[in-house]
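Observations on the model geometry
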Amino acid sequence: SLVLGLWLLLKPLLEAAREKVSLDLGTVLKKAPYEAQISALQKLQDQFKRLVQHWVGKNGRLVVFVDDLDRCAPDKIPAVLEALKLFTTTERCVYVLGLDYDIVRQSIAEKYHFNSAEG
């Protein structure tokens, strides 16, 4: 699911900055109703923005490499992309994705039930 993909992506960052983050996202996302999950994700986005600002300052950049996206389980690739999308608007962050275009395209086509053939 989107939430699981997001958690797996950001868990290492949160653990590295544990003293700065007091939100127990794992528990919230497993047990909370949908509205609380959205609120928790918004808090996570805000926390991530603050962490980036703290780590890189006003002029730095945080470069995030996501390699082998095409090696995820095919049904999980769209969820990982959705999770990444939540953070792509964070200022001073650059995302570099390593993937096989055809595999990712096929996974998305299957998820959203459309023909992936070029033409």
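So, a few notes on the structure that sits alongside this text. In this text the structure is predicted, and so the values were computed from the model without any measurement. (Residues numbered from 1 in each chain as written. Predicted model: local features only at pLDDT ≥ 70, side-chain atom pairs only at ≥ 80, totals over all residues. Heavy atoms only, no water.)

**Some thoughts on the pairing of strand 1 (residues 62-66)**
- Side chains Leu-62, Val-64 and Val-66 project from strand 1 onto a buried face, and the interleaved Val-63 and Phe-65 project onto a face without burial.
- Bridge count for strand 1 against strand 2 (residues 93-97) is five bridges, and the pairing is parallel. Residue pairing for strand 2: Val-66 is matched across the bridge by Leu-97.
- Handedness of the β-α-β unit built from strand 1, helix 4 (residues 77-85) and strand 2 comes out right-handed. (Buried < 20%, exposed > 50% of the residue type's maximum accessible area, 1.4 Å probe, protein only. Helix = DSSP H or I, 4+ residues; strand = E, 2+ residues; numbered from the N terminus. Pairing = 2+ DSSP bridges. Right-handed = clockwise from strand over helix to strand, strands pointing away.)

**Here we look at the side chain of Thr-90**
- Here Thr-90 shows up in the loop between helix 4 and strand 2.
- Contacts of Thr-90, omitting those with residues within four sequence positions, involve Phe-48, Lys-49 and Val-52. (Contact = heavy atoms within 4.5 Å.)

**Considering helix 5 (residues 101-112)**
- The terminal C-alpha atoms of helix 5 lie 16 Å apart, and with 12 residues this matches the ideal 16 Å at 1.5 Å per residue to within 8%.
- Taken residue by residue, helix 5 has Val-104, Arg-105, Ser-107 and Ala-109 as its buried positions. (Expected span 1.5 Å × (residues − 1).)

**Quick look at the pattern of salt bridges**
- For the structure on display, the rule yields three salt bridges.
- Across the salt bridge formed by Arg-71 and Asp-68, the nearest N and O atoms sit 3.8 Å from each other.
- The exposure class assigned to Arg-71 is exposed, which follows from its relative accessible area of 67%.
- The class of Asp-68 is partly exposed, set by a relative accessible area of 34%.
- The closest approach of N and O atoms between Glu-82 and Lys-85, which form a salt bridge, is 3.1 Å. (Salt bridge = Lys/Arg side-chain N within 4 Å of Asp/Glu carboxyl O.)

**Considering unusual backbone geometry**
- Phi is positive for Arg-92, which is not a glycine, with a value near 70 degrees.
- Along the chain, Arg-92 falls in the loop between helix 4 and strand 2.
- We classify Arg-92 as buried; its relative accessible area is 17%.
- The phi dihedral of His-113 falls on the positive side, at around 55 degrees, and the residue is not glycine.
- On the accessibility criterion, His-113 (73% relative accessible area) is exposed.

**Digging into a nonpolar patch on the surface**
- A surface patch of nonpolar side chains, about 340 Å² in accessible area, is lined by Val-63, Phe-65, Val-94 and Val-96.
- Those elements that provide at least two residues to the nonpolar patch are strand 1 and strand 2.
- Mapped onto the elements, Phe-65 comes out in strand 1.
- You can call Phe-65 exposed: its relative accessible area is 63%. (Patch = residues over 30% accessible without salt bridge, like charges linked within 9 Å, V, L, I, M, F, W, Y side chains within 5 Å. Areas by Shrake-Rupley, 256 points an atom, 1.4 Å probe, with all protein chains shown as cover.)

**Comments concerning the packing of helix 4 against helix 5**
- Two numbers describe how helix 4 lies on helix 5: the axes approach to 8 Å, and their chain directions differ by 95 degrees. In terms of their interaxial angle, helix 4 and helix 5 are classed as roughly perpendicular. Packed against helix 4, whose contacting residues are Ile-77, Pro-78, Leu-81 and Glu-82, the element helix 5 presents Ile-103, Val-104, Ser-107, Ile-108, Lys-111 and Tyr-112 at the interface.
- Of the residues belonging to the contact of helix 4 with helix 5, the class tally is seven nonpolar, one polar and two charged. (Axes fitted to C-alpha atoms, helices over the stretch in contact; angles between N-to-C directions. Parallel < 35°, antiparallel > 145°, perpendicular 65-115°, else oblique. Nonpolar A, V, L, I, M, F, W, Y, C, P; charged D, E, K, R; others polar.)

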